[in-house]
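The lines below spell out each chain.
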Amino acid sequence: MKTKLILFLAILCCGFVQSQEINCASTQEEFSKLVENQNYKDAEVKLKALLSKCSDVNENLYLLGAKVIQNKIDLLSNDDKENAAKEMVALYDKHDKNFPNNKSNNAINKAMLYYDYNLASEEETFKVFDKAFTKDKFQFVNPLALNAYFRLYNENYKSTTDGTVDQILNKYSQVLAVIDKNKSISKESEIEFENVKISTSSVVKNYLTVENLTDYAERNLKANESNVEWLSATIDLMMEKCSDKGIFGSVALRLHAIQPSSKSAFALGAFNLKNNNREKAVAYLKEAADLATDKLQKAKIYSTNASILFGFDKKLAKENAVLATQNDSSNGEYYIFLSNLYASAVQECATTPIEKKTVYFLANKMAKKASEVQPSLKSTSAALSDEYKKHDFTAKELEQLKKMDNKVTIECWINETVQF
C-alpha cells in the first residue's frame, strides 16, 4: 500500500511539474506580438516566464525584454526607478551568460544604469566602463556613456598618485578617436558626439597646454609613427593650440604619408598657413577638399581656402568660393564673401564708369543671394545692398547700355560677361 501511495504522489508531482512547463517557441511568439503592440503589462508577465524557463532559446528575448523594462523605467517616478533599473541589470547579465558573443554592449549599458541610478559605487561603475573600453572602445556608440566614462576616468586619474600627464592625454586622444569614428552613425549622434567633445575637453582643459601637448607628441611619435589612430587623434588633440608647432607638422606629415585623407591634408594646410607658407597651405587645403567625402565639409574647406587667397590671388579665391556655394548652396556666408570679393575689385578690374557699376551690380547680386538662401543674413545683406545701390546706373548710362546690347564684359580675374 505504501509503495502504491509513493507511486501515486510521484505521478502527481510529475504532472504538476509538466503543467509548469511552457512551449518556448509559441510563448516567445506571443511575447513578441505583445511588445510589437506595445502591450507592455502583459508582455512583462510573459517575459518573466520566458526568463525562467526559456532563457537560452532565443536571443531576441533579451532585445525585446529590454524594451519592456525600459518602458517600465520611463513610466515610474524617479523614486521608484531604481528597482526597475536593477531588473534591467539582471536582464543584461543573463543575456551575457546565455549568449556570451552578443553585440548588445551590455557592459556599457549596465554601467550607465549604475551611473544614472547610483546602483553601484563610483569605483565599481568606473571598472565596468573601463573594462568595456579596454576591450573595444569603439563599442561606445552612446555619446552619454563615453562622456560618463571619461569623467569617471579623470576622477580615478586624479586620485592616482603616480598618474602622468601622458596617461590622461593618451586616454583623451582615444576618446577623440571614438568621437571621430562614431559620430557619423546618424545626424543626431554627430551633434551629441560634438557636445561630448566640448564636455570632455573642459574636463582636461588644465592639461591641454601647449607645452604638455607638444611634449606628449614628441615623446610618443616614434612609437606611434605607424599607428593611424594615434596620429589622427593627436592631430585633433593639437589642432586648436599647436598647429604652428613643428611636431604638429611632423605628426600630420606622417599621417599623410601612410594614410592620406582630407583630415591629414587639412592639418598640413593649417600648419603651413600658420608658418606663412601660403602656397603650400593652399595646395594642401585644395587636396583636403578633393579628398573630403562630405559636401558640407568640402564647402567649409573651399571657404577657408578662399579666405586665405583673398589677399594675394583673387581669381583662385573666387573659384574656391564658387565651389563652396556649389557644395553648400544654403550657406549665405559664402555669397557674402563673393559680394565683398567683387566689391574689392572695382578699381582693380574696371576702368570706365559703366564697368565699375557693373562690378557693383555683381556684388549686389551676391549680397541679395545671401539673404535668399539664409534669411538670418537679411540685415547684413540689406546693408551691403544699400551701399552698392549708391552706384546704380544713371539714365544716361542706361541709354548707353542699350547701345551695347545691354551687355558688359569684365575681364581681369572676374572674367564675366553680364547681361542686363
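Just so you know, these numbers come straight off a predicted model, no measurement behind them.

Tallying each qualifying case throughout the model produces 18 aromatic pairs. Both rings, one in Phe126 and one in Tyr149, keep their centres 6.2 Å apart while their planes meet at 5°; by these two values the pair is stacked. One end of the pair, Phe126, is in helix α7 (residues 122-135); the other, Tyr149, is in helix α8 (residues 143-158), and 23 residues separate them in sequence. This pair shows no difference in class: Phe126 is buried, exactly as Tyr149 is. Taking 5.7 Å as the distance between ring centres and 75° as the angle between the ring planes, the aromatic pair formed by Phe310 and Phe337 counts as edge-to-face. One end of the pair, Phe310, is in the loop between α16 (295-309) and α17 (314-327); the other, Phe337, is in helix α18 (residues 332-343), with 27 residues separating them in the sequence. On the accessibility criterion, Phe310 (28% relative accessible area) is partly exposed. Clustering of aromatic rings is evident, with ring pairs tying together Phe126, Phe129, Phe133, Phe140, Tyr149, Phe150, Tyr153 and Tyr172.

Let's shift gears to the pairing of strand β1 (residues 407-410). Walk down a regular strand and you will see the side chains alternate between the two sheet faces. Burial along β1 is one-sided: Val408 and Ile410 are buried, while Lys407 and Thr409, pointing the other way, are not. Alignment of β1 against strand β2 (residues 416-419), held across four bridges, turns out to be antiparallel. Note on β2: the bridge partner recorded for Ile410 is Glu416. Connecting β1 to the antiparallel partner β2 that follows it, the hairpin turn spans five residues, and Cys412 within it adopts a positive phi of roughly 60°.

The subject of this paragraph is the packing of helix α6 (residues 106-117) against α7. Interaxial distance between α6 and α7 falls to 9 Å at its minimum, and their mutual angle equals 160°. Classified by the interaxial angle, the pair formed by α6 and α7 is roughly antiparallel. Note that α6 runs across α7; the crossing there is left-handed. Each of Ala107, Ile108, Ala111, Met112, Tyr114 and Tyr115 in α6 lies in contact with α7, whose residues at this interface are Glu124, Thr125, Val128, Phe129 and Ala132. Considered class by class, the residues forming the contact of α6 with α7 number nine nonpolar, one polar and one charged.

Turning our eyes to something else, we now look at the layout of surface pockets. Put simply, the largest pocket is a space of about 1,400 Å³. Taken together, 41 residues form the lining of the largest pocket, with Asp180, Lys183, Glu194, Lys263 and Gln297 sitting closest to its centre. Put simply, the parts of the chain that give the lining of the largest pocket at least two residues each are α9 (165-182), α10 (187-203), α12 (228-242), α14 (262-274), α15 (278-291) and α16. Looking at which element gives the most residues to the lining of the largest pocket, the answer is α12, with seven residues. Residue composition of the lining of the largest pocket, by class: 18 nonpolar, ten polar and 13 charged.

Calculation rules
Residues numbered from 1 in each chain as written. Predicted model: local features only at pLDDT ≥ 70, side-chain atom pairs only at ≥ 80, totals over all residues. Heavy atoms only, no water. Phe/Tyr/Trp six-rings, centres within 6.5 Å; stacked < 30°, edge-to-face > 60°. Helix = DSSP H or I, 4+ residues; strand = E, 2+ residues; numbered from the N terminus. Buried < 20%, exposed > 50% of the residue type's maximum accessible area, 1.4 Å probe, protein only. Pairing = 2+ DSSP bridges. Axes fitted to C-alpha atoms, helices over the stretch in contact; angles between N-to-C directions. Parallel < 35°, antiparallel > 145°, perpendicular 65-115°, else oblique. Left-handed = near helix turned anticlockwise from the far one by under 90°. Contact = heavy atoms within 4.5 Å. Nonpolar A, V, L, I, M, F, W, Y, C, P; charged D, E, K, R; others polar. 1 Å grid on protein atoms, 1.4 Å probe; cavity = no way out; pocket = protein on both sides within 12 Å on 5 of 7 lines; lining within 4 Å. Points joined across faces, edges and corners; volume = space filled by probe spheres on them.

Remember, this is a structural readout, not a statement about activity or role.
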